[in-house]
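Spelled out from the first residue to the last, the chains are:
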Amino acid sequence: MEFTAPSADQVFALEVNAGIAELAGHNRFAAATPDIVGAIAEGIGAFAAGEFAPLNRIGDQVGAKLVDGKVVLPKGFAAAYHAYVEAGWNAISGPVEFGGQGLPFSLACCVLETLGTANMAFSLLPMLTVGAIEALVHHGSPAQQALYLPRLVSGEWAGTMNLTEPQAGSDVGALRTTAMPVTDGKHAGKYRIAGTKIFITWGEHELAENIVHLVLARVPGAPAGSRGISLFLVPKYHVNEDGTLGPRNDLKAVSLEHKMGIHASPTCVMSYGDDGACIGELIGRENDGLKAMFTMMNAARINVGSQGVQIAEAALQRASAYARERVQSARAGAADKSPVSIVEHPDVRRMLLRMRALTEGARALLYYTAGQVDRGTLGDSAADARADLLVPLIKAWGTDIGVEVASLGVQIHGGMGFIEETGAAQLYRDARIAPIYEGTNGIQAADFVTRKLSLEAGAVLQRLLDEIAVDAADAPALAALAADCAAIGRWMLQEASLDDRLAGSVPFTAMCAIAVAGWQLLRQARAAAASDVSRALAVAKPVVARYFLEQLVPEAGGYKAAAVAGAGLLYALNAEALAG
């Protein structure tokens, strides 16, 4: 089937949830006029349909291969990436002083959402580069910024994150990669990097001229654990002072992981310093690496949350088309016993409406989060704190709904959904990684009930939930959910032990995410009724929002028992009895 970008709903979410018009009232984002917003949404949709979407199937079937130390991708990927760079899509929100367009992060989210809906595996390449840009903007030296940012912003060079090691997993404090200071010679003042990193997305490829690896490592005498981590810039090719490329650095991909999905994205085992000559330079100060890495990871976590939306949108489009085309059985109770398209059957409609409500609710949450990030960039400290609070919600719940919607898409296809030729199975396989990487969803939930819940002693979350409750006076189920979330938040802060908080973290995070998403869909439904929107939006949006508010929100209220159950039952069996 042909890919169609959800441009109309994206623009609507940018207007209602991100508040793009208000953002454009600030000098920094003055270029984000309605015409520009519409042109970007439509333009990236056309580009993705023409360049990224046609490669999605072959990328899954053929995938990335490691041949003689080089990653080889199917025909068409290099040309598509070069077209992406030449069209300037990578530079949407990049700093103007380094060749970027300086537009809001919200618009960059629109670009990545569309690319990922067309081809999730391919879109990981620019997504990681965005994170590298963020890290250098906030923590790089002026010299590093001048040398590396122009080509990262353009997309001529790509970026990666190198955190995970075989023995460490999600515990980055256990990493062993070393960084030894260089005291003489042409690399004096830099470091020799040595170690192995795993699960490095797009760690090696030939699409970009250079790859800028951001690598966590330890300097001699560093404190134990996460306090002793430093961040290093390690280019695939050394970069001369004039920006030209020098010889290859001492690093390589030694293997590619054989994965369940996203086959076109080379997930590499990277080896640094096999010959003792891998050179990197410090970003920021020694032992401050985790702070710099979190800057990169926050942007990545929002964009991984977007991947849930991307897969959900792709699954919804595929399932909707199949439901219209597939003719099977007469409508129950109908006088005419002729077979009808399965879209006429109640349970198929239930699944399609659930898919749509989840997809549009997650998109509304995504753009609301992005809008808060943009306001934080403008100096709004309250918005900055709210964005920090929302990051684990969009990452965790957004990716969980991506899996659910992809699964429903398979179900609508029936037996054909389990057959690879329809493409429904690929979406389900691709979706499954998103709740795992960039911090598993359990880690996101733990972060939410510890660090995020504690922001301003709980006031950041309470203000958000109070705002929802007041605005949802005409949506009693939503107001009740917000009140339940507020009460659970107070219990966790004031009474619950740390174990109790962590035991209830996943259901509580889902409750809060659904409350915010429902609120943002409620705002969309009101806007659709009050403003001059397309007939399709005016007809569908109130129904989609009503389904979310009347069925998904009360369903989320049922998570309360699990959120406050505490940890006692989880430890009623010892480890041997539980897992033996």
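Residues numbered from 1 in each chain as written. Predicted model: local features only at pLDDT ≥ 70, side-chain atom pairs only at ≥ 80, totals over all residues. Heavy atoms only, no water.

Topic: the overall build of the protein chain
Assigned secondary structure in the protein chain consists of 20 helices and twelve strands. In terms of C-alpha radius of gyration, the protein chain reaches 24 Å, essentially the compact-globule figure of 25 Å for 580 residues. Overall, the C-alpha framework of the protein chain stretches about 85 × 60 × 55 Å when taken along its three principal axes. Here the protein chain holds 580 residues, and the buried ones make up 57% of them. Residue pairs in contact within the protein chain that sit at least 24 positions apart in sequence constitute 74% of those at least 6 positions apart. Element-wise, carbon and sulfur atoms account for 55% of the exposed surface of the protein chain, whose accessible area totals about 23100 Å². If the 46 positive side-chain charges of the protein chain are averaged to one point and the 59 negative ones to another, these points end up 3 Å apart. (Helix = DSSP H or I, 4+ residues; strand = E, 2+ residues; numbered from the N terminus. Rg over C-alpha atoms; globule rule 2.2 N^0.38 Å. Buried < 20%, exposed > 50% of the residue type's maximum accessible area, 1.4 Å probe, protein only. Contact = heavy atoms within 4.5 Å. Areas by Shrake-Rupley, 256 points an atom, 1.4 Å probe, with all protein chains shown as cover. Lys, Arg positive; Asp, Glu negative; His and termini not counted. Charge placed at Lys NZ, Arg CZ, Asp CG, Glu CD.)

A look at the state of the cysteines
Under the criterion given, the structure shown has zero disulfides. Looking at the unpaired Cys512, the closest cysteine sulfur is the one in Cys485, lying at 3.9 Å. (Disulfide = S-S within 2.5 Å.)

A short note on the nonpolar core
Most often, soluble globular proteins have nonpolar side chains that are buried together. Phe122, Trp397, Leu478 and Phe508 are the most contacted members of the largest nonpolar core, which has 183 residues in total. In terms of residue count, helix H9 (residues 289–325) provides more of this core than any other element does, 16 residues in total. Leaving out residues up to four positions away in the same chain, Leu478 has contacts with Ile468, Ala472, Ala515, Gly518, Trp519, Leu522, Leu549 and Val553. Core analysis: the second largest hydrophobic core is formed by five residues, Phe12, Val16, Ala528 and Leu537 among them. (Core = buried A, V, L, I, M, F, W, Y, C linked by side-chain atoms within 4.5 Å.)

Things to note about the pattern of salt bridges
Going through the model one piece at a time under the given rule, you end up with 30 salt bridges. One salt bridge connects Lys197 with Glu165, and the closest N-O pair in it is separated by 2.9 Å. With Lys197 in strand E5 (residues 191–201) and Glu165 in the loop between strand E3 (157–162) and strand E4 (178–181), this residue pair connects regions lying 32 residues apart in the sequence. A residue is classified by how much of its surface remains accessible, and Glu165, at 3% relative accessible area, is buried. Salt bridges here are not isolated pairs; linked through shared partners, they connect Asp9, Glu113, Glu313, Arg356, Glu360, Arg363 and Lys541. (Salt bridge = Lys/Arg side-chain N within 4 Å of Asp/Glu carboxyl O.)

A look at helix H17 (residues 505–530)
An α-helical turn contains 3.6 residues, so any two residues separated by three or four positions project in the same direction. Here H17 spans 38 Å end to end across 26 residues, near enough to the 38 Å set by a 1.5 Å rise per residue. Taking burial as the measure, the 26 residues of H17 include 21 buried ones, the bulk of the element. (Expected span 1.5 Å × (residues − 1).)

Some points on the pairing of strand E11 (residues 267–272)
Buried residues dominate E11, accounting for six of its six residues. Here E11 shows no split at all, with Thr267, Val269 and Ser271 on one side and Cys268, Met270 and Tyr272 on the other all buried. In this sheet, E11 lies alongside E5 in antiparallel orientation, the contact comprising five bridges. In the strand pairing of E11, Gly195 is matched with Tyr272. Taken together, the five bridges between strand E10 (residues 251–256) and E11 define a ladder with antiparallel strand orientation. Of the residues in E11, the one forming a bridge with Leu256 is Cys268. (Pairing = 2+ DSSP bridges.)

Considerations on helix H14 (residues 459–471)
Given a rise of 1.5 Å per residue, 13 residues ought to cover 18 Å, and the 18 Å separating the end C-alpha atoms of H14 matches this to within 8%. Along H14, the positions that sit buried rather than exposed are Val460, Leu461, Gln462, Leu464, Leu465 and Ile468.

A closer look at the side chain of Gln144
Positionally, Gln144 belongs in helix H8 (residues 142–154). Residue Gln144 is classed as buried on the basis of its relative accessible area, which comes to 4%. Looking at Gln144, its side chain comes within polar contact range of the main-chain nitrogen of Ser141, at 2.9 Å. Beyond its immediate sequence surroundings of up to four residues, Gln144 is in contact with Leu136, Leu149, Glu281, Leu282 and Ile283. (Polar contact = N/O pair within 3.5 Å; in protein donor to acceptor, adjacent residues only side chain to side chain.)

Details of the environment of His345
Along the chain, His345 turns up in the loop between H9 and helix H10 (346–377). Accessibility expressed as a relative area gives 16% for His345, which makes it buried. If near-sequence neighbours (up to four positions away) are discounted, His345 is found in contact with Gln328, Ser329, Ala330, Arg331 and Val340. A distance of 2.8 Å separates a polar side-chain atom of His345 from the backbone oxygen of Gln328.

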